[in-house]
Amino acid sequence: MSKAPITSPLDAKAREETGQVLQEALVDLIDLSLVAKQAHWNVVGRNFRSVHLQLDELVAAAREYTDQVAERASAIGVSPDGRAATVAKRSGVPEFATGWRDDEAVATAVTATLGEVVQRMRARIQITDDTDLVTQDLIIELTARLEEAHWMWQAQLA
């Protein structure tokens, strides 16, 4: 397709920079949902049930925001790319170990993962301050939710 079917309310530079922020957030959120699901399937231990259920909450939140981020990209005329190869190549989410993991190790890994994702999202908040305040609002909202999850995972380790 030679001409983009969706026009952008942003100028070309703001669209490009905001589109990059959204694409990076998209792959991080997709990978976060996959990491949390991997942990969900492999957690064992005395706190299995509560950790197992808390991981499902994290997966649901990540998937919800994945869709919102992808749709925001579309709304500004940027085609989102959530393909597995793209996620594998571009995600900044720390890798999660394979195999059974005890509940404390899972909580430790998820806490670290969320901390990393939050820092990456906070950097995106700064970038979008100059390019698109509507996108910034979305990134702020999802960062607040991720920070809440980060706090709850940390509390398990306290």
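Residues numbered from 1 in each chain as written. Predicted model: local features only at pLDDT ≥ 70, side-chain atom pairs only at ≥ 80, totals over all residues. Heavy atoms only, no water.

*Asks:* Any details on helix H5 (residues 133-157)? Residues and values, ideally.
*Replies:* Under the 1.5 Å per step criterion, the end-to-end length of H5 is 36 Å for 25 residues, consistent within 8% with the ideal 36 Å. Residues of H5 that are buried: Thr-135, Gln-136, Leu-138, Ile-139, Leu-142, Thr-143, Leu-146, Ala-149, His-150 and Trp-153. At its buried positions, H5 is contacted by helix H1 (12-42), helix H2 (48-75) and helix H4 (103-131). (Helix = DSSP H or I, 4+ residues; strand = E, 2+ residues; numbered from the N terminus. Expected span 1.5 Å × (residues − 1). Buried < 20%, exposed > 50% of the residue type's maximum accessible area, 1.4 Å probe, protein only. Contact = heavy atoms within 4.5 Å.)

*Asks:* Describe the pattern of salt bridges, with residues and values.
*Replies:* A full pass over the atoms with the stated rule returns nine salt bridges. Its salt-bridge partner being Arg-120, residue Asp-28 comes within 2.6 Å of it at the nearest N-O pair. Taken together, the positions of Asp-28 in helix H1 and Arg-120 in helix H4 put the pair 92 residues apart, joining distant regions of the chain. The class of Asp-28 is buried, set by a relative accessible area of 0%. Arg-72 serves as the salt-bridge partner of Asp-132, at 2.7 Å between the closest nitrogen and oxygen. Residue Asp-132 is located in the loop between H4 and H5, and its partner Arg-72 is located in helix H2; the two are separated by 60 residues in the primary sequence. Among the residues examined, Asp-132 registers a relative accessible area of 7% and is labelled buried. Arg-72 sits in the buried class, given a relative accessible area of 17%. Through salt bridges with shared partners, a single network forms among Glu-24, Asp-28, Arg-120 and Arg-124. (Salt bridge = Lys/Arg side-chain N within 4 Å of Asp/Glu carboxyl O.)

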